[in-house]
Amino acid sequence: MTDVKKVAVVTGSAAGLGKAIATRLAKDGFRVVLHDINADNLNKVKAEFDAAGFENIAVKGNSASREDQFRLVDEAVKAFGRVDVFVNNAGVESVGTFLSLNENEIDRVLGINIKGVIFGTQAAAEQMKKQQGVGKIINACSIAGHESYEMLSLYCATKHAVRSFTHSTAKELAPYNIRVNAYCPGVADTPMWERIDAAFVEHKGYQPKQAWNEFTKGILAGRPQQPEDVANLVSFLASEDADYITGQTILTDGGMVFR
């Protein structure tokens, strides 16, 4: 870190992986802009950050809204003068057969997982182009951006899109000293996995926890993922140690998918 405290924006940071990422970046010395669509969760996390002495602001917004994403960056600049790192973390899953997908579900998932990343990257890039130094845009991808899993067709499609978008924008933004990378988590014990397990029970005749056991038994690290495992990678990508890395979608899955 330089003498000037850097600023990191983390979308969807009021719970789960986003909260772990925001917490780690705050511990790393960043001034953090918390963001979420859930005001109650956002206020709780802000109170925790305030109590810990982390310099922060909280901005409520919808990642799927271009206006909200640009307002998020504006609020960050008003508070702290710049944006050095923008983490497009906000995302949602979709579980079930592809035949069960309806238009509302498709619009919901594409809106947050794809439009949100596009709008966040646009807003961050417009600000970073005005600044000195290396800017970092870090996207939430997944093992589902490298493999395609049944019961997760729509989710996998969006994460494949994020992976490709990361590659393309890294090329376009390189002349402006902006690096674009993505982190690709694996399997964690989350509500999402409860829904995946239930979908396999309903549609594949699995026993409860059978899908979970099948996915986790082959993890070479010997355990499911913890949020801190993902935050560790984002911390590195946000640091000056990663200034020479761009256009990469890096797996952090304990040894599940190999690329």
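The model shown is predicted, which means the values in this text are computed figures rather than measured ones. Think of each chain on its own: its residues are numbered from 1, step by step along the sequence as written. With pLDDT at 70 or above as the cut-off, local features in this predicted model cover only qualifying residues; side-chain atom pairs require 80 or more to be listed or tallied, and sums for whole chains, interfaces and linings still use all residues. Side-chain measures here rest on the full set of heavy atoms in the structure, leaving out hydrogens and waters.

Focus on the nonpolar core
Definition in use: Joining through side-chain atoms within 4.5 Å is the link that ties buried Ala, Val, Leu, Ile, Met, Phe, Trp, Tyr and Cys residues into a set, and such a set is a nonpolar core. Relative accessible area decides the class of each residue, using a 1.4 Å probe on protein chains only: under 20% of the type maximum gives buried, over 50% gives exposed, and in between gives partly exposed. Contacts were defined at the residue level, with two residues in contact if any of their heavy atoms lie within 4.5 Å.
Counting residues in hydrophobic clusters, the biggest one holds 27 residues, and the most contacted among them are I21, L25, V32, F49, V87, I138 and Y183. Apart from the residues within four sequence positions on either side, F49 is in contact with A22, T23, A26, V32, L34, F54 and N56.

A short note on the UniProt feature "binding site: NAD(+)" (unreviewed entry) in the protein chain
Note the following rule: UniProt positions are given in the numbering used here, feature names are shortened, and annotations may be inferred rather than shown by experiment. A pocket here means an open set of points on a 1 Å grid, computed over the protein atoms alone, that has protein on both sides within 12 Å along at least five of seven lines. A cavity is instead a set of points where a 1.4 Å probe fits but cannot get out; residues with an atom within 4 Å of a point line either one. For the purposes of this entry, the term helix denotes a DSSP run of H or I that reaches at least four residues, the term strand denotes a run of E that reaches at least two, and both are numbered from the N terminus.
Feature annotation in UniProt places "binding site: NAD(+)" (unreviewed entry) on D36, N89, Y155, K159, P185, G186, V187, A188, D189 and T190, given in this structure's numbering. In three dimensions, the annotated residues from a span of 155 residues occupy distinct locations, with a maximal C-alpha spread of 22.8 Å. In the annotated group above, the largest pocket draws its lining from D36, N89, Y155, K159, P185, G186, V187, A188, D189 and T190. When its relative accessible area of 11% is taken as the criterion, Y155 is described as buried. Within the fold, T190 resides in the loop between β6 (178-185) and α6 (191-204).

What to know about helix α3 (residues 66-80)
Given 3.6 residues to a turn, an α-helix orients residues that are three or four positions apart in the same direction. Convention followed: Expected helix span is given by 1.5 Å per residue-to-residue step, counting one fewer step than there are residues. Read the arc as the range of directions from the helix axis to the C-beta atoms.
The terminal C-alpha atoms of α3, which comprises 15 residues, lie 21 Å apart, in line with the 21 Å expected from a rise of 1.5 Å per residue. Within α3, burial applies to D68, Q69, L72, V73, A76 and F80. Summarising the axial view, the buried residues of α3 lie within an arc of 140°, below the 170-degree limit, and thus occupy one face. Opposite the packed face of α3, turned more than 90 degrees from it, sit the exposed residues E67 and K78. Directly beyond the C-terminal end of α3, a positive phi value near 90° is found at G81.

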